[in-house]
Amino acid sequence: MKADNFRKLDPYVPGIQPAFADMIKLNTNESPYPPSPKVIEASERFNAADLRLYPSVDVGPIRDALAEYHGFDRSCVFVGVGSDDVLATIFQACFNSGRPVMFPEITYSFYEVWARLYNISVKKIPLRPDFTINADDYCGVENGGVVIANPNAPTSIAMEKGDIEMIIRSNPENVVVIDEAYIDFGGESVLDCVPKYDNLIVVRTFSKSRSLAGARIGYCVANPELINIIETVRNSINSYTNNRPAIEMGVASVKDEEYFRAMLAKVIATRERLAGELRALGFSVLPSSANFVFATPPAPLTAAEVYDRLAEKHIFVRHFKIPGIENYLRITVGTDDQVDTMLYEVRQMLKK
Ligand SMILES: *Cc1c(COP(=O)(O)O)cnc(C)c1O
């Protein structure tokens, strides 16, 4: 066959999913805690015989639960198979002008992968030297849309709400997507701005703060016109997306606010301790509003070396070989025990 039949792509490369019984996995920003006991009950209650039926076509029950939870009409909510699915659908539905989509040079690297997949041109905006996003860079520039992760990944830094609103207001003719994958851990959401701005889409996920990465549930909130446009694309690819067990488990998670808040508080407390201890060991740690920290080790230790030596001990963190951040490690906040074991190994490295 001729090579010109086929797409050539550089896909997104997720963190590895090793399978050692003794491993400490701090590399993909999953929660170290199980989902709510209500989710476990929902999974036990699930009747596998129902799998002969397709799930509801508009992901009904979870869409209703999320609309009620956030205080929006269900016509403002779109649910997908993880926020990656939601974002990919938004890229196809909303960025067709031919003008470039803008996002930070250092951010969630999937944005660029979707842009290339859907032949969307891209304008990458450098961060400031301190890794913060300069909102002015996104205002008064011709573009075909803006995508900002808040807090940003992998830097962990949150943006001021006022700065985000300025970007939304300066781009009234284009869609502004705010990816709030980590917002439950810090920073200020712009969800309450959805009624105010018809060009705003806020994207959320159950993967990080709701301990449900394996269930693949993500969603977005926007005005009903935008939701309709996104749904039309989804219904041109696959009408039945989220599966029945995932929908029921997702609903159960939304209904257990107390557990949700308790797990967030634990992760945030451990994050503050982890950042403090790393700083005491000489690491430079960016101010984190997420469930991970982004840190560079004291010389002569390098991020690559710390990564390798932790991996030998079956402790997995994330190291990106990307210019500008190659001496940084992204470390997911684990349980206190996991963090202590990781810190012990780092101390051993510093002794030698
Ligand atoms: C993890 C992550 C996602 C995707 O998560 P899903 O598991 O697909 O919901 C999206 N955006 C950012 C910034 C992330 O870190």
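Going by the structure above, here's the rest.
This section reports on the structure supplied with the text. (Residues numbered from 1 in each chain as written. Predicted model: local features only at pLDDT ≥ 70, side-chain atom pairs only at ≥ 80, totals over all residues. Heavy atoms only, no water.)

## Notes on the site of the ligand
Phase 1: In the region of the ligand, the neighbouring residues are Gly-82, Ser-83, Asp-84, Tyr-108, Asp-179, Ala-181, Tyr-182, Thr-205, Ser-207, Lys-208 and Arg-216.
Phase 2: Between the ligand and Tyr-182, the relevant distance is 2.5 Å, taken from an oxygen atom to a side-chain nitrogen or oxygen of the residue.
Phase 3: Ser-207 has a polar side-chain atom sitting 2.6 Å from an oxygen atom of the ligand.
Phase 4: Split by residue class, the shell around the ligand holds three nonpolar, four polar and four charged. (Near = heavy atom within 4 Å. Polar contact = N/O pair within 3.5 Å; in protein donor to acceptor, adjacent residues only side chain to side chain. Nonpolar A, V, L, I, M, F, W, Y, C, P; charged D, E, K, R; others polar.)

## Points about helix α8 (residues 257-280)
Phase 1: The end-to-end C-alpha distance of α8, which contains 24 residues, comes to 35 Å, matching closely the 34 Å that a straight helix rising 1.5 Å per residue would cover.
Phase 2: Within α8 the residues assigned to the buried category are Tyr-259, Phe-260, Met-263, Leu-264, Val-267, Thr-270, Arg-271, Leu-274, Ala-275 and Leu-278.
Phase 3: Buried positions along α8 lie against α1 (37-45), α2 (60-70), β9 (284-285), β10 (292-296), β13 (329-332) and α10 (336-351).
Phase 4: Just downstream of α8, Gly-282 is the residue with a positive phi angle, here 100°. (Helix = DSSP H or I, 4+ residues; strand = E, 2+ residues; numbered from the N terminus. Expected span 1.5 Å × (residues − 1). Buried < 20%, exposed > 50% of the residue type's maximum accessible area, 1.4 Å probe, protein only. Contact = heavy atoms within 4.5 Å.)

## Observations regarding unusual backbone geometry
Phase 1: The linkage connecting Ala-153 with the following residue, Pro-154, adopts the cis geometry, with an omega of 0°.
Phase 2: Structurally, Pro-154 is set in the loop between β5 (146-149) and α5 (161-170).
Phase 3: In this structure, Pro-300 follows Ala-299 across a cis peptide bond, with omega equal to 5°.
Phase 4: Tracing the sequence through the fold places Pro-300 in the loop between β10 and α9 (303-312).
Phase 5: If you check the backbone angles, Asn-119 has positive phi at about 55° while not being a glycine.
Phase 6: Inspection of the secondary structure assignment puts Asn-119 in the loop between α4 (110-117) and β4 (122-125).
Phase 7: You can call Asn-119 exposed: its relative accessible area is 66%.
Phase 8: The phi angle at Ser-211 is positive, at roughly 55°, despite the residue not being glycine.
Phase 9: Note on placement: Ser-211 falls in the loop between β7 (200-205) and β8 (218-221).

## A word on the environment of Gly-186
Phase 1: Within the secondary structure, Gly-186 sits in the loop between β6 (176-179) and β7.
Phase 2: Beyond its immediate sequence surroundings of up to four residues, Gly-186 is in contact with Pro-151 and Ser-289.

## What about the packing of aromatic side chains?
Phase 1: Applying the stated criterion across every chain yields a total of 18 aromatic pairs.
Phase 2: With 4.1 Å between their ring centres and 10° between their planes, Tyr-54 and Tyr-240 make a pair best called stacked. One end of the pair, Tyr-54, is in the loop between α1 and α2; the other, Tyr-240, is in the loop between α6 (224-234) and α7 (244-254), with 186 residues separating them in the sequence.
Phase 3: The class of Tyr-54 is exposed, set by a relative accessible area of 60%.
Phase 4: Its relative accessible area of 32% is what places Tyr-240 among the partly exposed residues. (Phe/Tyr/Trp six-rings, centres within 6.5 Å; stacked < 30°, edge-to-face > 60°.)

## Digging into the side chain of Thr-132
Phase 1: Locating Thr-132 in the fold gives a position in the loop between β4 and β5.
Phase 2: Among the polar contacts made by the side chain of Thr-132, one reaches the side chain of Asp-130 at a distance of 2.6 Å.
Phase 3: If sequence neighbours within four positions are ignored, Thr-132 has contacts with Leu-127 and Ile-157.

## Re empty space enclosed by the protein
Phase 1: In the structure shown here, the tally under the stated rule is two cavities of 30 Å³ or more.
Phase 2: In this structure, the largest cavity encloses a volume near 80 Å³.
Phase 3: What lines the largest cavity is a set of 13 residues, among which Ser-36, Arg-210, Ser-253, Tyr-259 and Phe-260 lie closest to the centre.
Phase 4: Considered class by class, the residues forming the lining of the largest cavity number seven nonpolar, four polar and two charged.
Phase 5: The space that makes up the second largest cavity amounts to roughly 30 Å³. (1 Å grid on protein atoms, 1.4 Å probe; cavity = no way out; pocket = protein on both sides within 12 Å on 5 of 7 lines; lining within 4 Å. Points joined across faces, edges and corners; volume = space filled by probe spheres on them.)

## Comments concerning the nonpolar core
Phase 1: Core analysis: the biggest nonpolar cluster contains 53 residues, and Ile-62, Ile-167 and Leu-200 have the highest contact counts within it.
Phase 2: Of the residues forming this core, the biggest block, six residues, is contributed by α7.
Phase 3: If you look at the next biggest cluster of nonpolar residues, it comprises 36 residues, including Ala-295, Val-306, Val-317 and Met-342. (Core = buried A, V, L, I, M, F, W, Y, C linked by side-chain atoms within 4.5 Å.)

## Considering the environment of Ala-299
Phase 1: The residue Ala-299 is located in the loop between β10 and α9 in this model.
Phase 2: Overall, Ala-299 belongs to the exposed group, its relative accessible area being 73%.
Phase 3: In this structure, the C-alpha to C-alpha distance between Ala-299 and Gly-282, residues 17 residues apart in sequence, is 8.8 Å.

## Quick word on the sheet that holds β9
Phase 1: Spatial ordering of the open sheet is given by β9-β10-β13-β12, a layout of four strands whose pairing is antiparallel. What marks the edges here is a single partner per strand, and that holds for β9 and β12 (318-319).
Phase 2: Where β10 lies against β13, four bridges are found, and the strand directions are antiparallel. Within β13, the position partnered with Phe-292 by the bridge is Thr-332. (Pairing = 2+ DSSP bridges.)

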